[in-house]
Amino acid sequence: MSVVNEAPGQAPNLSRRLLCMVYEALLLFGVCFVAILIYSLTAHFVFGQAANSTEHQWLMQIYLFVVIGVYFGYAWRKGGQTLAMKTWGLQVIDPERAQVPMAKVIVRYCLAWMWFLPGILIGTQLHLSIRNTALAVAINMLIWMMTAALNKDKQLFHDKLAKTKLVFRPKNPLQTN
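Looking at this structure, I do not really get the overall build of the protein. What am I missing?
When helices and strands are counted, the protein shows seven helices and two strands. Helices (α) and strands (β) of the protein occur, in sequence order from the N terminus, as α-α-α-β-α-α-α-α-β. Evaluated residue by residue, the protein yields a buried proportion of 37% over its 177 residues. Look at the contacts in the protein between residues 6 or more apart in sequence, and 63% of them connect residues 24 or more apart. About 11000 Å² of surface is accessible on the protein, with carbon and sulfur atoms providing 70% of the total. A distance of 5 Å separates the average location of the 16 positive side-chain charges in the protein from that of its 7 negative side-chain charges.

Given below as structure tokens:
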């Protein structure tokens, strides 16, 4: 895959970002699988009931939100890269500091949910089918991607609001595609 107009330290193109997101989703599947297994076993042994009741579903969603946040937060604080980001040559940076502060990590993580959350909420509130909810999420993602075109440094809206930047950082400085 040839990638044009990417220079180290500059904003990556959207295709690189999306490919990284697909790989990140595969990795998160494993993280969430283990987290759900731990939650389910804990609920069964501690509360003596299955974790499929309504209150357990809400607790599990909050728990997964925190687990995923810890996954991203740790990686972004440690070096600005998750495994998927390292693979695709992406890095979250703070233009003003060597390390992204925890407050910015939290803000970025919460705002990054705007890629998906409005579409999910529309689907659930309008009682759409899974297919139509997926379509609402896809449309929402397209709109969110377009926010990169609204500013000169090609950063997405959640990075602008969090005052962070996503930059292209190839493993090998000579690698630009």
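Just checking my understanding: could you explain the state of the cysteines for this structure?
Here a disulfide denotes a covalent bond joining the sulfur atom of one cysteine to the sulfur atom of another. On inspection of all chains with the given rule, the structure shows zero disulfides. Between cysteine 20, a cysteine without a disulfide, and cysteine 32, which holds the nearest cysteine sulfur, the sulfur-to-sulfur distance is 16 Å. Overall, the relative accessible area of 5% leaves cysteine 20 in the buried class. The thiol of cysteine 110 is unpaired, and the distance to the nearest cysteine sulfur, on cysteine 32, comes to 16 Å.

Got a minute to help me understand the pattern of salt bridges in this structure?
Proximity of charged atoms lets side chains of opposite charge pair with each other. Applying the stated criterion across every chain yields a total of seven salt bridges. For aspartate 159, the salt bridge goes to arginine 108, with nearest N and O atoms at 2.5 Å. Of this pair, aspartate 159 sits in helix α7 (residues 157–162) while arginine 108 sits in helix α4 (residues 102–112), and the two are 51 residues apart along the sequence. In this structure, aspartate 159 and arginine 108 share a single accessibility class: buried. The salt bridge partner of aspartate 153 is lysine 165, with a shortest N-O separation of 3.8 Å. With aspartate 153 in the loop between α6 (130–146) and α7 and lysine 165 in strand β2 (residues 165–168), this residue pair connects regions lying twelve residues apart in the sequence.

Can you walk me through the packing of aromatic side chains in this structure?
Each pair of aromatic rings is reported with the distance of its centres and the angle of its planes. Tallied over the entire structure, the rule returns nine aromatic pairs. Look at phenylalanine 72 and tyrosine 109: their rings are 6.3 Å apart centre to centre, the planes differ by 35°, and that puts the pair in the tilted class. Of this pair, phenylalanine 72 sits in helix α2 (residues 54–78) while tyrosine 109 sits in helix α4, and the two are 37 residues apart along the sequence. On the basis of relative accessibility, which here comes to 12%, the residue phenylalanine 72 falls in the buried class. Taken together, a centroid distance of 6.2 Å and an interplanar angle of 85° make the contact between tyrosine 109 and tryptophan 113 edge-to-face. Look at tyrosine 109 and you get buried, because its relative accessible area is 8%. Judged by its relative accessible area of 25%, tryptophan 113 falls in the partly exposed class. Following the ring pairs from residue to residue traces out a cluster consisting of Phe65, Tyr71, Phe72, Trp76, Tyr109, Trp113 and Phe116.

Each value, and the rule that gives it
- Sequence positions are assigned chain by chain, starting from 1 and proceeding in written order.
- Per-residue local features of the predicted model are confined to residues with pLDDT of at least 70, and side-chain atom pairs are confined, for both listing and counting, to 80 or more; whole-chain, interface and lining totals are unaffected and use all residues.
- Each side-chain value is derived from all of the structure's non-hydrogen atoms; neither hydrogens nor water enter the calculation.
- The helix and strand labels rest on DSSP assignments: H or I over at least four residues marks a helix, E over at least two residues marks a strand, and numbering proceeds from the N terminus.
- Exposed residues in this analysis have more than 50% of their type's maximum accessible area, buried residues have under 20%, and partly exposed residues fall in between, with area computed by a 1.4 Å probe over protein chains only.
- Contacts: residue pairs with any heavy atoms within 4.5 Å of one another.
- A 1.4 Å probe and the Shrake-Rupley method give the accessible areas. Residues count as covered only by the protein chains that appear here.
- This count recognises Lys and Arg as positive and Asp and Glu as negative, with His and chain-terminal groups excluded.
- A charge is said to be at NZ when it belongs to Lys, at CZ for Arg, at CG for Asp and at CD for Glu.
- Disulfides are defined as pairs of cysteine sulfur atoms found within 2.5 Å of each other.
- Salt bridges are counted wherever a side-chain nitrogen of Lys or Arg sits within 4 Å of a carboxyl oxygen of Asp or Glu.
- Each Phe, Tyr or Trp ring (for Trp, its six-membered ring) is paired with any other whose centre lies within 6.5 Å, and the angle between the two planes then decides the class: stacked below 30 degrees, edge-to-face above 60, tilted in between.

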